[in-house]
Structures are given as C-alpha cells and as structure tokens.
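A closer look at the structure
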Amino acid sequence: MMKLTEREPRKVYLERFVIMALLLIPSVFLQGVRSALVAVLSVLSCMIIDAVCCFFRKKRYNIKDSAVPFWGLAAAMMMPATVPVGLILLSSLICIVIGKHLFGDSDNIIFCPPAISTAFLLICYPAEMLYFPKYGEKVALFGEYTGAVSRSIDYSLNLHSVPSQSLGDAMMGLVSGPVGAVFTGIILVCGICMAFRRSSSGAVIAPCVFTAGLLAFFFPRAGISGFQSIVYELSSGYLAFGMIFLAAEPYRIPQKTVGKILYGIMLGCTTMMFRFFGQTEGSCIFAILILGALCSSFDRVVENVVYWKKNYLNTFEKSKTNIQSGTVKLTDTQEIVLPEKYRYNTPPIDSKITKIRRTRKNDEQTENDEDKSEQKTTLSFVAKLKNARKKSKDNSENNDNAADGTAVNNGELPSPDKETSETVNEEDKENEQK
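Scoring rules and cut-offs
Residues numbered from 1 in each chain as written. Predicted model: local features only at pLDDT ≥ 70, side-chain atom pairs only at ≥ 80, totals over all residues. Heavy atoms only, no water. Helix = DSSP H or I, 4+ residues; strand = E, 2+ residues; numbered from the N terminus. Buried < 20%, exposed > 50% of the residue type's maximum accessible area, 1.4 Å probe, protein only. Contact = heavy atoms within 4.5 Å. Areas by Shrake-Rupley, 256 points an atom, 1.4 Å probe, with all protein chains shown as cover. 1 Å grid on protein atoms, 1.4 Å probe; cavity = no way out; pocket = protein on both sides within 12 Å on 5 of 7 lines; lining within 4 Å. Points joined across faces, edges and corners; volume = space filled by probe spheres on them. Nonpolar A, V, L, I, M, F, W, Y, C, P; charged D, E, K, R; others polar. Salt bridge = Lys/Arg side-chain N within 4 Å of Asp/Glu carboxyl O. Core = buried A, V, L, I, M, F, W, Y, C linked by side-chain atoms within 4.5 Å. Axes fitted to C-alpha atoms, helices over the stretch in contact; angles between N-to-C directions. Parallel < 35°, antiparallel > 145°, perpendicular 65-115°, else oblique. Left-handed = near helix turned anticlockwise from the far one by under 90°.

Regarding the overall build of the protein chain
Each helix and strand in the protein chain was counted, giving 18 helices and two strands. Looking at the protein chain as a whole, 38% of its 434 residues are labelled buried. When contacts within the protein chain are restricted to residue pairs at least 6 apart in sequence, those whose partners lie at least 24 apart make up 75%. Put simply, the protein chain shows about 26,500 Å² of open surface, and 61% of that area lies on carbon and sulfur atoms.

Structure (structure tokens):
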C-alpha cells in the first residue's frame with residue numbers, strides 16, 4: 001500500500017480541495033449564494049497574493065500548486081456568510097504572506113496558514129466572526145446583512161447552559177454557524193473517505209476524536225448526558241473541521257505511526273483543556289497552531305524511546321538472564337562500552353558537504369604558503385647541519401691540542417728554542433758556501 005507522503009502533493013491537495021468544496025452545496029442551499037461568493041473570493045485572492053509574493057521574491061509562480069486554493073477555501077469555510085469583503089482579503093493576505101512566504105515556501109511551513117488567519121480574525125474581529133445569520137435566513141449576494149443573528153453551540157457550552165438545538169440538527173448542520181465548518185456529519189464522512197483514499201491520516205483523526213469524545217463524555221460542560229456532550233462538542237468550535245481538514249494534512253504531521261497517534265491524542269487533550277479552562281470560541285484553531293510547531297518533536301520522542309529500549313532495556317534483561325544461567329561470570333573490573341549516541345568525546349558527523357570556491361588568488365596564496373614552509377624546513381635543516389659540523393670540528397681541535405701537550409711532556413718533540421737554533425746554524429752554513 002502506498003504511504004501517505006509518497007503521493008504527489010499537488011494531487012493530494014487537489015483531492016482535499018474537491019472534497020471540501022462539496023460542503024458548499026448544503027451551505028448554498030441553506031444560507032444562500034453569498035456563501036459561495038465568500039469561498040470564491042477567498043480562493044482567488046489567495047492565488048493572486050501568492051503570485052505577487054512570488055514576483056517580489058523573484059521566484060517562478062506555480063499555478064498548479066493546489067495547496068494555495070485549498071488554504072483559501074479552508075479559511076472561507078470557517079467564516080460566516082455575512083463577513084465583510086475587507087476581512088476576506090485580510091484573511092488571504094495573512095494566510096499567504098505570513099503562513100507560507102514568511103517561512104520560505106509550502107515545504108517549510110510550521111503553522112497551518114488558514115489557522116493563522118482565522119485565529120487573527122477571531123481575536124481582532126470577534127463581532128464579525130462569531131455572530132452568524134439565523135438558521136433559515138438567506139443572505140443577500142451584495143449589500144449589508146440586516147437580519148437576525150445568533151451565536152453558536154460553543155457559546156452556549158461556554159456559559160454552561162444546554163444548547164437549544166437538537167442533536168440531529170447539530171450533526172447535520174441545521175444550526176447557525178460558519179459557511180462550511182458547521183456540517184459535522186458530512187465532515188466526518190469526508191474524513192473517512194480521505195483516510196481510505198490516503199489523502200488524510202487516519203492515525204491522527206481517530207485518536208483525536210476518541211480523546212476529545214472521552215473527555216467530553218466524563219466531563220460535560222453543561223447539565224447533559226455524556227453522549228449528548230460528545231455530539232455537541234464535536235459540532236462546535238470548528239472541532240470536526242479542524243481535525244480532518246487542518247490538523248491531518250499529510251505533510252505537516254509526524255512521519256512515524258506512533259508519533260501520529262501521540263499527536264492526535266495531544267491535539268484532542270489540548271482542545272478540551274482550552275474549552276474547560278477558557279472562554280474563547282474556536283479553541284481547536286489555537287490547539288492546532290500550538291501542536292503544529294511540535295510535530296517533529298513527537299517523532300524525536302518515539303526515536304529516543306525505541307533507542308533506549310533497544311540499547312538499555314534489552315541489554316539489561318539479556319545480561320540478567322546470562323548471569324542467572326551462569327554463562328557470564330562477574331569480575332571486579334568490567335569494561336563498559338557506551339553506545340555511539342552517547343560518546344560525548346566523539347565530534348558529531350553531520351554529513352554536510354561544504355563547497356569552497358577556488359580562485360586564482362587563493363591558489364597563489366596556498367602555493368606561497370607551501371614555498372615558505374619548504375624554505376623554513378630547509379633553513380632549519382642547514383642550520384642543524386652547520387651546528388653539527390662545528391661541534392665535530394671543535395671536538396677534533398680539542399683532541400689535537402691534548403695530543404700535543406702529552407708529546408712535549410714526554411720529550412718526544414723538540415722544544416721551540418732548539419728548533420730556532422738549528423735553523424739559524426743552517427742559514428750561516430749556506431751563507432759561507434755562497
């Protein structure tokens with residue numbers, strides 16, 4: 001079976017985009033054509049801003065990048081149908097500039113781009129983002145909405161009051177809410193289909209839903225039963241939409257299966273902790289942002305645990321059984337071999353190749369340095385040779401002087417006065433003959 005990350009990213013995001021766009025069908029039927037306009041405007045503005053950013057960064061714009069329209073549609077799905085056009089453009093600007101290009105590109109993103117823009121709008125513009133048109137009223141395509149508005153199920157649960165909507169209406173999206181994130185039942189079916197299609201990670205979705213449901217069952221926020229609490233919690237605060245479409249992106253989650261399970265459990269726990277101890281709506285978005293920056297840490301934790309089990313726990317158990325069986329005898333001194341991972345005196349090897357650009361000046365400088373080093377070695381060798389010769393000469397002269405002194409004392413050599421007298425007599429004889 002093909003792994004999740006082995007598929008081409010463009011095809012994965014395109015498939016997720018098409019499945020998410022299906023949520024516009026009930027939204028247009030229940031809220032009017034304005035919801036489709038919000039989605040189209042968000043997608044187009046994200047693509048235009050992405051092209052402008054690529055132009056200023058002097059990079060080639062890839063119109064086939066399906067991640068950008070997917071992020072634009074995801075941001076639109078979490079907005080109400082009555083959102084002003086200016087906020088749609090601001091959301092697209094934050095989503096692309098900060099979420100994508102600030103970190104380099106689609107391959108280097110740390111936080112989910114639509115989660116960044118939605119969190120910004122929830123904090124800065126709560127009146128425009130948290131008040132939805134009343135169920136059953138359609139929003140006009142153009143112009144300001146003047147009809148009745150209402151709050152979401154998450155607002156009622158934050159007040160510890162029982163929501164007025166029934167369980168069936170909450171699951172089917174027949175309540176007041178955003179453009180597409182309100183249809184919980186359809187979203188769960190889409191999640192199952194994407195998990196079988198390998199365009200979303202079931203190892204993240206299942207633990208997250210199970211953890212959030214388990215906490216909601218034992219700790220309901222209102223005076224309702226555990227089962228009712230599970231349905232209301234999943235249907236409120238972008239929880240189902242965020243888990244399936246934002247948190248389970250195939251290229252932003254841990255790569256190991258155990259890491260994905262830990263990531264899903266922590267996401268469900270963090271979301272419910274925000275809901276239990278905070279009053280902010282849309283807590284799932286903030287949990288996705290926090291845990292999105294820690295995705296690689298889950299893989300690192302799994303690797304360290306496996307390494308410890310392999311090198312320490314298994315080694316201890318093996319040594320224990322060998323000692324008990326008598327195959328190994330304990331001695332006073334025993335060699336302890338540290339694993340390669342904990343050999344602190346060994347410098348790390350990063351396997352990086354450093355390219356050095358060779359120039360003519362650098363080559364000449366290296367040649368001059370080599371010549372100077374050779375001259376120094378020859379000069380030092382000549383100096384040592386001269387010193388050795390001088391020492392040998394001094395030693396020979398000392399030996400000759402010592403030999404002359406011994407010959408004079410023994411009477412073997414004539415004295416200086418006798419030699420001079422003999423030379424004088426010979427000169428007189430020569431003169432007489434002449």
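Now that the structure has been shown, the text picks up again.
Points about unusual backbone geometry
Positive phi, close to 60 degrees, is recorded for H160, a residue that is not glycine. Mapped onto the fold, H160 is located in the loop between helix 8 (153-158) and helix 9 (167-172). Phi is positive for Y238, which is not a glycine, with a value near 60 degrees. As for its placement among the helices and strands, Y238 is situated in the loop between helix 12 (226-234) and helix 13 (239-246). Under the relative-accessibility criterion, Y238 is labelled buried at 9%.

Some remarks on empty space enclosed by the protein
Applying the stated criterion across every chain yields a total of three cavities of 30 Å³ or more. As a volume, the largest cavity reaches approximately 160 Å³. S152, P178, S236, G237 and Y238 are the residues nearest the centre of the largest cavity, which is lined by 17 residues in total. Here the residues of the lining of the largest cavity sort into eight nonpolar, seven polar and two charged. Looking at the second largest cavity, its volume works out to about 90 Å³. Every residue lining the second largest cavity is counted, 13 residues in all, and those nearest its centre are L30, Q31, Y135, G136 and V175. For the lining of the second largest cavity, the per-class residue count stands at six nonpolar, five polar and two charged.

Thoughts on the environment of P178
Inspection of the secondary structure assignment puts P178 in the loop between helix 9 and helix 10 (184-196). Its relative accessible area of 8% is what places P178 among the buried residues. Sequence spacing of P178 and T82 is 96 residues, and the spatial spacing of their C-alpha atoms is 9.3 Å. Excluding residues that lie within four positions of it along the chain, P178 makes contacts with Q31, M77, M78, M79, P80, F132 and Y238.

Section: the pattern of salt bridges
What the rule picks out here adds up to 10 salt bridges. In this structure, E15 engages R197 in a salt bridge whose closest nitrogen and oxygen atoms are separated by 3.0 Å. Here the residue E15 occupies a position in helix 1 (residues 9-21), and R197 occupies one in the loop between helix 10 and helix 11 (202-218), the gap between them amounting to 182 residues. Residue classification places E15 among the buried positions, given a relative accessible area of 14%. Across the salt bridge formed by D105 and K59, the nearest N and O atoms sit 2.7 Å from each other. With D105 in the loop between helix 5 (85-98) and helix 6 (113-124) and K59 in the loop between helix 3 (34-56) and helix 4 (67-77), this pair connects stretches of sequence that are 46 residues apart.

Digging into the nonpolar core
Of all hydrophobic cores here, the largest spans 71 residues; its most connected members are M20, M77, F241, F245, L246 and Y263. Considering each element in turn, this core owes the most residues, eight residues, to helix 4. The contacts of L246, once residues within four sequence positions are left out, are R16, A74, M78, C112, P114, F241, R252, I285 and I288.

What to know about the environment of G173
Within the secondary structure layout, G173 lies in the loop between helix 9 and helix 10. For the pair G173 and L30, spaced 143 residues apart in sequence, the C-alpha separation works out to 9.5 Å. Residues contacting G173, with those up to four places away along its chain left out, are L30, V182 and F183.

Let's talk about the packing of helix 1 against helix 4
Packing of helix 1 against helix 4 leaves a shortest axis separation of 9 Å and a crossing angle of 25 degrees. In terms of orientation, helix 1 lies roughly parallel with respect to helix 4. The handedness of the crossing between helix 1 and helix 4 comes out as left-handed. Across from Y13, R16, F17, M20 and A21 in helix 1, the residues of helix 4 making contact are A67, P69, F70, W71, L73, A74 and M77.

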